[in-house]
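# Structural overview
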2 protein chains.
Amino acid sequence: MPRPGPDAELTPAELHSSLSDPLLDVMNFLNEVTLRHPKAISFGPGRPYDGFFEVDRIGDYLTAYTRHLEADLGRTPEQIRTALFQYGRTNGQINELVARTIANDEGIHVDASHIVVTVGCQEAMLLVLRALIAGPDDVLLVTDPGYVGITGAARLLDAETVPVPEDDAGLDLDALRAAVRDVRARGKRPRAVYVIPDFANPSGASMPLDRRHQLLDLAAEEDLLVLEDNPYGFFSRTGEGRPTLKSLDTRHRVIYFGSFAKTCFPGARVGYVIADQPVLGGGARTVLADELSKIKSMVTVNTPAIAQAVVGGMLVAHDCRLREADKELIDFYRGNMNALLDALARHLPQDRWPVRWNVPDGGFFLVMTLPFAADNAFLEEAARDHGVIWTPMSYFHLGSGGERQIRLSASYLTPGQIEEGVRRLAAHVRQRIARGS
Amino acid sequence: MPRPGPDAELTPAELHSSLSDPLLDVMNFLNEVTLRHPKAISFGPGRPYDGFFEVDRIGDYLTAYTRHLEADLGRTPEQIRTALFQYGRTNGQINELVARTIANDEGIHVDASHIVVTVGCQEAMLLVLRALIAGPDDVLLVTDPGYVGITGAARLLDAETVPVPEDDAGLDLDALRAAVRDVRARGKRPRAVYVIPDFANPSGASMPLDRRHQLLDLAAEEDLLVLEDNPYGFFSRTGEGRPTLKSLDTRHRVIYFGSFAKTCFPGARVGYVIADQPVLGGGARTVLADELSKIKSMVTVNTPAIAQAVVGGMLVAHDCRLREADKELIDFYRGNMNALLDALARHLPQDRWPVRWNVPDGGFFLVMTLPFAADNAFLEEAARDHGVIWTPMSYFHLGSGGERQIRLSASYLTPGQIEEGVRRLAAHVRQRIARGS
C-alpha cells in the first residue's frame, strides 16, 4: 500500500500565465449567459448554419473519397485501408484536392507540397506562429479589434502581439507602418501581420483592392510576412468578390490560412495553410510548409485521416469547386445579413436613434455602436429581461476599445429569428436610451 | 500592379530553434532509408498492424454512435446532426464512453469531466506541458531512452528536459530522486516525470508493481507529477498485466495519457488525457482538465466530431470493453513478439555470438545490443546489402547513449516477415563481427 503523502494541488501561479489571461476565457461570460438563458435569441456565436447538413451524406463522401483513391489514383484495397486507418503523411493526404479547389475557387495556384492540411485553421495558426516566433524579440502584429484565435495562439507561445487599428476599409496601413517602425525602434523584430481581408471577424470590414496591393507593397518594403485568414470569403452579400491577398502575392509575402469549417462543415476540423516561402540554409532549400510539418509532428502528428477522407470526398463529389457547391449556403448568408440590416433599419432608424452600425459587404458579422457602455451587465440584462444575446466588442480588443459596441452575428439564425431578435434588441436599446443611463 | 520588391526568404536562424534541433527530424534518415529500399523488411516503425481493419466498418461505427445518441441519450435528429457537423465541446463529446471504457479495461475510475479528448496523445502531451511549464525554470524529467513525442513537444515550448536512465525494470528511481534534487540545486523546479510503465517505447522495459508504488511515493515526497503514457498496455506477451499508475494513484499525482491509436486505429487520431488534479485559486476551484481545455481551444478548438463519432461507435459497439474486443489483435502482437524472440534465439544464439537483447513482457519493441556501433552507416549497409531495416537506439537518447543498440519493432510484420527479417539481420551482424570492424 502506498504510504500517505500530500495530495497534488496546483495553483494558477504554478501554471502557464496564459491560463490566467482573460483572453483565454474571454468567451466564458457569453457562454454562461447563453446557458442561463437558453430561450434567448443569440446573435453571439459565429457558428455556421447547419440546416443544410445531412448525416447520411457522410457515408457518401467517404465512398466518394475511396472511389477517388481507387479510380483516379489507382490505389489497391490494401492501400485504401491504410490511407483511412493508419498514420498518414504529416502534411496531409488530400493536398492535391485542396490545391485544385483553391485554384478553381480562389485563383490561387500553388504546389500541393506547399500546403499543410491541419486540424482546423487554429492548428495552422499555432504552427506558423511557432515557426516565426523564434524568441522574445519577435513580434506579431494583429488587427484590432481582432480574432481571438490568433492572439490566443500567440499567448500560448509567450509571443508579444501589437494591435493595429482597422477602419471601415480594414487594416489601417499608416498605423501598420508606424507600428512596424515603433517595434523596430524598441529593438524588436516585427515578423508578420495577421489580417482577415474579407468580411472580417469581428468587424465585418473588407479591404478594397488598392489597399490589398498597398499592404503587399508595404510588406515587401518592411520585410514583413502577411498572415491572411479567409474563412468567410465565399459569403459576399453584394455578389462581388475581391481577389485574396495570396492570389495577388508575387513575392511569397503571404501565408494563407484556409478553412473548410464554413464551406464544408466544422465537425471535420479540417483546415490548411499555404506556406510557399523559401527557407534557405546549410545548402538545403525547403519551403516553410516543410518546416511547419516538423512542428505539426509534435502537435497532432497528422490530421485525422477519417476527417480528411470526408472533406476529400466532398471536394471530389463537387469536382473541386466548392463555390458552386455552396451556392445555396451563400444565398442563405446573404439573405440573413440583408434581413439583419433591414430589421435594424426598421426597428432603430438612425434618423431617430443615436445608434450606428456598419454595412458589411458580406460575412457573418456586423458591429453596432451604442450611446452607452455595452458591458457584461448590459448583456446580462439583455438576456434576462429581453431574451436577446450578442457579443460585447470589447472582448475582441487587445487593450481598451469597443466599450460601446456590440457584434451581431447573423450566421446561424433564420430570417424570422433575426427579425424577432432585432425587435427585442431595439426595445432594450430604446428603453436604455430613454432611461438615460 | 504591385511594384517589384524583395521576395520573402527565410533562414533557419530566423525560425524557432526547435526547427534546427535534430530531435524534430531524428527519424528522417530512417524514413529516407525506407524510401530508398522499399523492398527491405523493416523493423523500424512502431505502426500498429492494420490487417484487421475493414473500410466498410467505418459506416457501421458511425451508425452505432448515432444510434447511441438517439437511443441512449435521447437526442433528436437535429441534435445528432449538430453533434456530427458542428463545433463541439472543447474537452470532447465521447468523454462518458471513454470513462466507462477505462473503468472496464484499466480499473481507472474517473469523472468524465476530468477527461479531455484530444487529437491523439500527442496533442494531450502538448497541452499538459503548456499548462505545467510556466517559465524557463520549469523542468520536465523524461526516461532516457525515451519517446521522441514528449521531448519534441517540450522542445516546441522551449522547456528544459532532464534525462533519467532506465534499467530493465523501467525508470531508475534512485536516479530520478538524484535528478530531482540536482534540478532543485540549480534553482529550477522539477514539474513532472514522463514514463511509459508498460512495454516502453523504445526500450520494451516494464515497471514491476513495487516500483510503481515507490514511484508514486517518490512523486508525493518530492511534490512531482507523473505523466503516465500507456499506448501499449493491452499487449502483454506473458498474459499477465500490471495495474496502471493511475489506477494506483490515491493522491492525484498521475496525469494519464490514453491512446486509441493502437486499440482502435491511428487514422482517427483520437486520444485523451485524464487530469483530475485540483487547481485552487481566486476562490474558484477547477481541475487541471478545465485548464487544459482552455489551452486546447487555442490549439485545435476541438477534436474532430467525425473522428470522435467513429471511435465512440467502436466503444459502443464493444460495450465499452476494448480489451475483449482486441483479443485477436492482442494475440497477434503476442505471436509476433514471440516469433521475434524465437527467431533471434535461432539465428544469433547468445552462447555463440556476442549479441544481447532484452525479453519484453509485451508491447511492440525490443532492444538488441551489438559489439559494434549501430550507426547510420551500418543502417544504410543493412538496408542496401541485406534488405533489412531497424532503428538506431541513439535516436531515442537525449544525449549520448545507445550507440551500439538497435530497436526492433515487431508490431506490423507477419511472422513470416519477422523470420526472414531476422535471418537477414543475423547474417549482417555475423558478417560484421567476422569482419572484426
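Quick caveat: nothing in here was measured; it's all calculated off a predicted structure. (Residues numbered from 1 in each chain as written. Chains lettered and ligands numbered in written order. Predicted model: local features only at pLDDT ≥ 70, side-chain atom pairs only at ≥ 80, totals over all residues. Heavy atoms only, no water.)

With that settled, consider the interface of chain B and chain A. Each partner contributes residues to the interface: chain B has 91 residues there, and chain A has 91 residues. Looking at the side of chain B facing chain A, the largest losses of area belong to L10, F85 and M298 of chain B, adding up to 11% of the total buried there. On the surface where chain B and chain A come into contact, there are six salt bridges. Seen at the junction of chain B and chain A, the total is 45 residue pairs in polar contact (both at pLDDT 80 or more). (Contact = heavy atoms within 4.5 Å. Buried area = accessible area lost by both parts, 1.4 Å probe. Salt bridge = Lys/Arg side-chain N within 4 Å of Asp/Glu carboxyl O. Polar contact = N/O pair within 3.5 Å; in protein donor to acceptor, adjacent residues only side chain to side chain.)

Phi is mostly negative for residues that are not glycine, and the peptide bonds are mostly trans. All names here are of chain A. Between D144 and P145 the backbone carries a cis peptide bond, its omega angle lying at 5 degrees. Looking at the element boundaries, P145 is found in the loop between β3 (138-144) and α6 (148-156). With an omega of 10 degrees, the peptide bond between N201 and P202 qualifies as cis. Mapped onto the fold, P202 is located in the loop between β6 (189-195) and α8 (209-221). At H252, a residue that is not glycine, the phi angle is positive and equals roughly 55 degrees. Residue position: H252 is located in the loop between α9 (245-248) and β8 (254-259). (Helix = DSSP H or I, 4+ residues; strand = E, 2+ residues; numbered from the N terminus.)

What follows deals with the state of the cysteines. Should the sulfur atoms of two cysteines be covalently bonded, the bond is a disulfide. This model, assessed by the stated rule, comprises zero disulfides over all chains. Its sulfur unpaired, C121 of chain A is 13 Å from the next cysteine sulfur, which belongs to C264 of chain A. Left without a disulfide partner, C264 of chain B is nearest to the cysteine sulfur of C320 of chain B, which lies 11 Å away. (Disulfide = S-S within 2.5 Å.)

Before going further, it helps to examine the relation of the copies chain B and chain A. In screw terms, the move from chain B to chain A is a rotation of 180 degrees and a rise of 0.0 Å along the axis, fitting with an RMSD of 0.0 Å. Given the turn and translation reported, the copies of this chain are related as if by a two-fold rotation axis. (Least-squares fit on C-alpha atoms with pLDDT ≥ 70 in both.)

The strands that make up a sheet pair up through hydrogen bonds in the backbone, lying either parallel or antiparallel. Residues and elements named next belong to chain B. Pairing within the open sheet is antiparallel, and its four strands lie in the order β12-β13-β16-β15. This sheet does not close on itself; its edge strands, each paired only once, are β12 (356-357) and β15 (391-392). Of the pairings in the sheet, the one linking β12 to strand β13 (residues 365-369) comprises two bridges and is antiparallel in character. Within the sheet, the bridge partner assigned to R356 lies in β13 and is T369. Seen against the sheet, helix α13 (residues 327-347) touches β12, β13 and β16 (405-409) and runs at an angle of roughly 15 degrees to β13. (Pairing = 2+ DSSP bridges. Axes fitted to C-alpha atoms, helices over the stretch in contact; angles between N-to-C directions.)

This part takes up the pairing of strand β6 (residues 189-195) of chain B. Residue and element names in this part refer to chain B. Extensive coverage of β6 is indicated by the burial of six of its seven residues. Alignment of strand β3 (residues 138-144) against β6, held across five bridges, turns out to be parallel. Counterpart to L140 in the pairing with β6 is A192. Inspection of the sheet shows β6 paired to strand β7 (residues 225-229) by four bridges, in the parallel sense. Note on β7: the bridge partner recorded for V193 is V226. This β-α-β element, β6 to helix α8 (residues 209-221) to β7, shows right-handed connectivity. (Buried < 20%, exposed > 50% of the residue type's maximum accessible area, 1.4 Å probe, protein only. Right-handed = clockwise from strand over helix to strand, strands pointing away.)

Residues and elements named next belong to chain B. Where helix α5 (residues 120-132) meets helix α10 (residues 288-296), the closest approach of the two axes is 9 Å, and the angle between their N-to-C directions is 105 degrees. Put simply, α5 runs roughly perpendicular to α10. Residues E123, L127, V128, R130 and A131 of α5 touch α10, and the partners they reach there are L288, L292, I295 and K296. Across the contact of α5 with α10, the residue classes tally to six nonpolar, no polar and three charged. (Parallel < 35°, antiparallel > 145°, perpendicular 65-115°, else oblique. Nonpolar A, V, L, I, M, F, W, Y, C, P; charged D, E, K, R; others polar.)

This part takes up the pattern of salt bridges. Inspection of the entire model under this criterion finds 70 salt bridges over all chains. Here R384 of chain A ties to D385 of chain A by a salt bridge, and the two come within 2.9 Å at their closest N and O atoms. Take R384 of chain A: its relative accessible area is 49%, and that puts it in the partly exposed class. Here R186 of chain B and E160 of chain B are joined by a salt bridge, their closest N and O atoms 2.8 Å apart. Of the two residues, R186 of chain B is situated in the loop between α7 (173-185) and β6 and E160 of chain B in strand β4 (residues 160-167); the sequence distance between them amounts to 26 residues. Judged by its relative accessible area of 39%, R186 of chain B falls in the partly exposed class. A single salt-bridge network, built from bridges that share partners, covers R177, R181, R184, E221 and E222 of chain A.

Let's shift gears to the packing of aromatic side chains. Enumeration according to the criterion identifies 36 aromatic pairs over all chains in this entry. When the centroid spacing of 5.5 Å and the interplanar angle of 40 degrees are considered together, the rings of F378 of chain A and W390 of chain A count as tilted. Of this pair, F378 of chain A sits in helix α14 (residues 376-386) while W390 of chain A sits in the loop between β14 (388-389) and β15 (391-392); the two residues are twelve residues apart in sequence, bridging distant segments of the chain. This pair shows no difference in class: F378 of chain A is buried, exactly as W390 of chain A is. Relative to F235 of chain B, the ring of F234 of chain B lies with its centre 6.3 Å away and its plane at 70 degrees, an arrangement referred to as edge-to-face. Ring pairs connect the aromatic residues Y49, F52, Y232, F234, F235, F332, Y333, F364 and F365 of chain A, which therefore count as one cluster. For R47 of chain A, the ring lying beneath its charged end belongs to Y412 of chain A, and the centroid distance is 5.0 Å. (Phe/Tyr/Trp six-rings, centres within 6.5 Å; stacked < 30°, edge-to-face > 60°. Lys NZ or Arg CZ within 6 Å of the ring centre and 35° of its normal.)

The next thing to look at is the sheet that holds strand β2 (residues 115-119) of chain B. Residue and element names in this part refer to chain B. Pairing is mixed in the open sheet, where eight strands are placed in the order β2-β9-β8-β7-β6-β3-β4-β5. The strands lining the two open edges of the sheet, one partner per strand, are β2 and β5 (170-171). Alignment of strand β8 (residues 254-259) against strand β9 (residues 270-274), held across four bridges, turns out to be antiparallel. Bridge pairing links Y256 to I274 in β9. Each of β2, β8 and β9 touches helix α4 (residues 95-106); the most contacted strand, β2, lies at about 100 degrees to it.

Turning our eyes to something else, we now look at the domain arrangement of chain A. Residues and elements named next belong to chain A. When the domains of chain A are assigned, the result is domain 1 (12-52 + 326-434) and domain 2 (57-324). In this structure, domain 1 and domain 2 have C-alpha centres spaced 27 Å apart. Across the domain 1/domain 2 interface, buried area totals approximately 2800 Å², and carbon plus sulfur atoms make up 58% of it. Per-residue buried area on domain 1 facing domain 2 is highest for D326, D361 and L398; these three make up 24% of the total on that side. Where domain 1 touches domain 2, the interface holds two salt bridges. We note a salt bridge from D21 to R155, for which the minimum N-O separation is 2.6 Å. Along the contact surface separating domain 1 from domain 2 lie 20 residue pairs in polar contact (both at pLDDT 80 or more). Breaking the side of domain 1 that touches domain 2 down by element, the ones donating at least two residues are α13 (327-347) and β13 (365-369). (Domains from an automatic or database assignment.)

For the rest of this paragraph, the subject is the environment of V355 of chain A. Residue and element names in this part refer to chain A. Mapped onto the fold, V355 is located in the loop between α13 and β12 (356-357). For V355, a relative accessible area of 0% translates into the label buried. Taking the C-alpha atoms as reference, V355 lies 9.8 Å from F372; in sequence the two are 17 residues apart. With residues up to four places along the chain from it excluded, the contact list for V355 reads L348, Q350, M368, T369, L370, P371, V429 and I433.

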